[in-house]
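So the chains spell out like this:
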Amino acid sequence: MMALTWIDGSWIEGNPPILGPMTQSTWLGSLVFDGARRINGKYPDLDLHCERLIKSSERMGLNSPKSAKEILNLCLEGCKKFKIEEDLYIKPMIWAEDGIGIIAPDPDSTRLAVCIFPAPLPEGGMTACLSSFIRPMEKAAPTDAKAASLYANTGRAIREAKAKGFDNCVICDHEGYVAEFTVANLFIVKDNVVYTPKPTGTFLVGITRFRVIKLLLSSKIKVVETKIKPDELLEADEIFCSGNYVKLRKIDKYENKVFGETPIFDTAYNLYWEWMKSI
């Protein structure tokens, strides 16, 4: 897979060794990142993803070496080095080289890299189950940041789901309510009303999630943020997810329940792509 990474003023091909064994973030996990896309030559909400990267770095105690606008321009510069028809994943990252007393990241030692690589959108729906793992509480982990350290837990959850024969899984919070999929926000449909987990500080409220909600509301489709019990997923008429990597993707099967027609998901999907063509 061909990738380009910007660091220290240069674009480098492949997978450059830019984090060493003594790098604080390699050792102690303070790296933050964000994920955006170029699809059909469009950059949906790229500016918001760059702004969120800055917010994530601040919440981890890191000083960003560049502004959100400067990072946005770097992302656009790198994307121009690929063929225009290639769908891309855009991943700016910030991390600390040194620590304060080893453990805490030194905010003045931060570095920035922007990694870009081809990544076609996943096609079709997916299957999912309920995970035995849970999301951490906000005072137990940096849940308000897109921090690399959070993905160790979701990695365990996806491995468990795949061992059971599913593509993905639903993770609950510490109170037993539905939080999200491993790397995407969750929506269910019941009687033509869309429900999505109310933000509780245990999961990242996605940029694509916000965009989907806004588009559904503009089309007079009711969207309710609420606490969702796991049993309600089995009673849903539809389940789908939103996230930067997949944008929108429906669930064909949850546990033993197979879903048929998905009119609300189809509407949301079409609304999103129509919006993206217009930007």
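The following paragraphs examine the structure supplied in this document. (Residues numbered from 1 in each chain as written. Predicted model: local features only at pLDDT ≥ 70, side-chain atom pairs only at ≥ 80, totals over all residues. Heavy atoms only, no water.)

**Quick notes on the state of the cysteines**
- Under the definition given, this model contains zero disulfides.
- No disulfide involves Cys-115; its sulfur sits 11 Å from that of Cys-75, the nearest cysteine.
- For Cys-115, a relative accessible area of 10% corresponds to the buried category. (Disulfide = S-S within 2.5 Å. Buried < 20%, exposed > 50% of the residue type's maximum accessible area, 1.4 Å probe, protein only.)

**Remarks on the environment of Val-205**
- Here Val-205 lies in the loop between β13 (193-197) and α5 (207-218).
- Along the chain, Val-205 and Asn-256 lie 51 residues apart, while their C-alpha atoms are 28 Å from each other. (Helix = DSSP H or I, 4+ residues; strand = E, 2+ residues; numbered from the N terminus.)

**Description of the pattern of salt bridges**
- As enumerated under the stated definition, the model contains nine salt bridges in all.
- Asp-45 is the salt-bridge partner of Arg-211, the closest N and O atoms lying 2.7 Å from each other. Here the residue Arg-211 occupies a position in helix α5, and Asp-45 occupies one in the loop between β4 (36-38) and α2 (46-59), the gap between them amounting to 166 residues.
- Connected through salt bridges with shared partners, the residues Asp-8, Glu-97 and Arg-111 form a single ionic network. (Salt bridge = Lys/Arg side-chain N within 4 Å of Asp/Glu carboxyl O.)

**As for the pairing of strand β5 (residues 88-96)**
- In terms of burial, β5 is a largely internal element, eight of the nine residues being buried.
- By the bridge criterion, two bridges tie strand β3 (residues 32-33) to β5 in an arrangement that is antiparallel. Paired with Val-32 across the bridge in β5 is Ile-94.
- Bridge analysis of β4 against β5 gives three bridges, and the strand direction is antiparallel. (Pairing = 2+ DSSP bridges.)

**Structural notes on the environment of Ile-221**
- Turning to its location among the elements, Ile-221 is positioned in the loop between α5 and β14 (223-226).
- Residue Ile-221 is classed as buried on the basis of its relative accessible area of 13%.
- The spacing of Ile-221 and Val-194 is 27 residues in sequence and 7.5 Å in space, taken between C-alpha atoms.
- With residues up to four places along the chain from it excluded, the contact list for Ile-221 reads Asn-192, Val-194, Leu-216, Ile-264 and Thr-267. (Contact = heavy atoms within 4.5 Å.)

**Points about the packing of aromatic side chains**
- All told, the structure shown has nine aromatic pairs when counted by the stated rule.
- Their ring planes at 35° and their centres at 5.4 Å tell us that Tyr-89 and Phe-117 sit as a pair that is tilted. Placement of the pair is Tyr-89 in strand β5 and Phe-117 in strand β8 (residues 110-118), with a sequence separation of 28 residues.
- With 4.9 Å between their ring centres and 10° between their planes, Phe-187 and Phe-240 make a pair best called stacked. Taken together, the residues span a long stretch of sequence, with Phe-187 in strand β12 (residues 185-190) and Phe-240 in strand β15 (residues 238-243) at a distance of 53 residues.
- The buried category is assigned to Phe-187, whose relative accessible area is 0%.
- Among the aromatic side chains, those forming a connected cluster through ring pairs are Phe-187, Phe-240, Phe-265, Tyr-269, Tyr-272, Trp-273 and Trp-275.
- Lying across the ring of Tyr-245, Arg-37 places its NZ or CZ 4.6 Å from the centre. (Phe/Tyr/Trp six-rings, centres within 6.5 Å; stacked < 30°, edge-to-face > 60°. Lys NZ or Arg CZ within 6 Å of the ring centre and 35° of its normal.)

**Examining the packing of α2 against helix α3 (residues 68-79)**
- Across the interface, α2 lies against α3 with an axial gap of 9 Å and an inter-helix angle of 130°. Classified by the interaxial angle, the pair formed by α2 and α3 is oblique. As for how α2 packs across α3, the hand of that crossing is right-handed. Residues Leu-46, Asp-47, Cys-50, Glu-51, Leu-53 and Ile-54 of α2 pack against Ala-68, Ile-71, Leu-72, Cys-75 and Leu-76 of α3.
- Residue composition of the contact of α2 with α3, by class: nine nonpolar, no polar and two charged. (Axes fitted to C-alpha atoms, helices over the stretch in contact; angles between N-to-C directions. Parallel < 35°, antiparallel > 145°, perpendicular 65-115°, else oblique. Left-handed = near helix turned anticlockwise from the far one by under 90°. Nonpolar A, V, L, I, M, F, W, Y, C, P; charged D, E, K, R; others polar.)

**With respect to unusual backbone geometry**
- In this structure, Ile-102 takes a positive phi of about 75° despite not being glycine.
- Structurally, Ile-102 is set in the loop between β6 (99-100) and β7 (104-105).
- One non-glycine residue with positive phi stands out, namely Asp-191, at about 55°.
- In this fold, Asp-191 is placed in the loop between β12 and β13.

**Looking at the pairing of strand β9 (residues 126-134)**
- Bridge count for β9 against strand β16 (residues 247-254) is three bridges, and the pairing is parallel. Note that in β16 the partner of Thr-127 across the bridge is Lys-253.
- Relative to strand β10 (residues 168-172), β9 runs parallel, the two sharing four bridges. Looking at β10, one finds that Ala-128 is bridged to Asn-168.
- Each parallel crossover has a hand, and the one from β9 via helix α4 (residues 151-163) to β10 is right-handed. (Right-handed = clockwise from strand over helix to strand, strands pointing away.)

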